[in-house]
Amino acid sequence: MTGSKEDSQDATPVDLSAEESERTKRPGFVYFLGYGIMAPIARLVFRPTITGRDNIPRSGRVILASNHLSFIDSIVIPLVAPRRVQFLAKSTYFTGTGFTGFVSRTFFTSIGAVGVERGAGQSAQDALDAGRNILESDSAFAIYPEGTRSLDGRLYKGRTGVAWLALTTGAVVVPVGLIGTQEIQPVGAKFPRIRKVTVTFGEPLDLSRHGSAESGKARRGATDEIMAAIHALSRQELAGRYNESPPSGTLQKIADRVFPRERV
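Below you will find a few notes about this structure. This one's a predicted model, so the numbers in the text were calculated from it and none came from an experiment. Along each chain, the written sequence defines residue order, and numbers are assigned to residues from 1. Where local features are concerned, this predicted model is filtered to residues with pLDDT of at least 70; where side-chain atom pairs are given and counted, the filter is 80 or more; whole-chain, interface and lining totals use all residues. To get the side-chain values, all heavy atoms of the structure are used, and hydrogens and water are removed first.

A few points about the sheet that holds strand β7 (residues 198–201)
By the convention used here, strands pair only if DSSP detects at least 2 bridges between them. Secondary structure follows DSSP: runs of H or I at least 4 residues long count as helices, runs of E at least 2 residues long count as strands, and numbering of each begins at the N terminus. In space, the seven strands of this open sheet follow the order β1-β7-β6-β2-β5-β3-β4, with mixed pairing throughout. Each of the sheet's edge strands pairs with one partner strand only, and the pair in question is β1 (49–51) and β4 (113–116). Adjacent strand axes in the sheet meet at a mean angle of 25 degrees, parallel and antiparallel pairs treated alike. Where strand β3 (residues 85–90) lies against β4, four bridges are found, and the strand directions are parallel. Considered in β4, the bridge of L88 is made with V114. Against the sheet, helix α8 (residues 161–169) contacts β2 (62–66), β5 (140–143) and β6 (172–179), and its axis sits at roughly 165 degrees relative to β2. Two residues form a contact once any of their heavy atoms are found within 4.5 Å. Lines are fitted to the C-alpha atoms to define the axes, a helix being fitted only along its stretch in contact, and any angle between axes, read from their N-to-C directions, falls within 0 to 180 degrees. Packed onto the sheet, helix α10 (residues 216–234) meets β2, β6 and β7 and runs at close to 35 degrees relative to β6.

Digging into the environment of V80
When you line up the elements, V80 lands in helix α4 (residues 73–80). When a residue's accessible area, from a 1.4 Å probe over protein chains only, is under 20% of the maximum for its type it is buried; when over 50% it is exposed; and in between it is partly exposed. Under the relative-accessibility criterion, V80 is labelled buried at 4%.

Re α10
A helix is expected to reach a length of 1.5 Å times the quantity of its residues less one. End to end, α10 covers 27 Å across 19 residues, agreeing with the expected 27 Å (1.5 Å per residue, within 8%). Of the residues making up α10, those classed as buried are G216, A218, R219, R220, A222, T223, I226, M227, A229, I230, L233 and S234. Counted as a polar contact is a pair of N or O atoms within 3.5 Å, where, for protein atoms, one must be capable of donating a hydrogen and the other of accepting one, and residues adjacent in sequence contribute only when both atoms are in side chains. At the N-terminal boundary of α10, the capping side chain belongs to S215, with an oxygen 3.3 Å from the backbone nitrogen of K217. R235 lies just past α10 and shows a positive phi near 60 degrees.

Below is the structure:
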């Protein structure tokens, strides 16, 4: 994908409102209570192999960019990281009613999740803005550049939102390689299983040399560097494409080849 065609798809920063700032505030008591209970239990039961924890800066803005194999990934990363980590989750996890809604809301709050609307277009930009707000409070933010989890175990092409966040906020990016999380809770499984998991945190990446966040070429180059680092840690087979349904119809296929769209 070339930079010149992507420039027309540039994501530009927008000012966050007070409402957005409130929605992405730092975790409070529920987070620390949940972390204090869940982290020791998870380590005792699953005995994960963790490498490179010292690569995560203990303060300041940092993005943990990981491959994505299972729903459980969003629990594993916050529980094994040496500092508080926030990530985005579907807003429906926070809006349920009754006892089930209460449990869901409490659980996702306890692991540092921030509710956002999922989707493309403005919803995607709103999610990036939420991530930016977290980073601008000098916090750690976890993101999956593939966009959604891999159902076949391959590593898919990275979306450029992670690069936009890094180049906009000046955050360093720590690549994360997860191995085995898909075996804990395979697609369709209701309950997790006890399986061995490996979590590797790579060396921090300073992506500023790629250029401005307003440049499509800079975002693409920075994203590709991040994905190469993740691949070196996860050792997955490369899919060579985005994790989405292939274009249907001849005209759409031709349009995607001639005018490739930037996925954020």
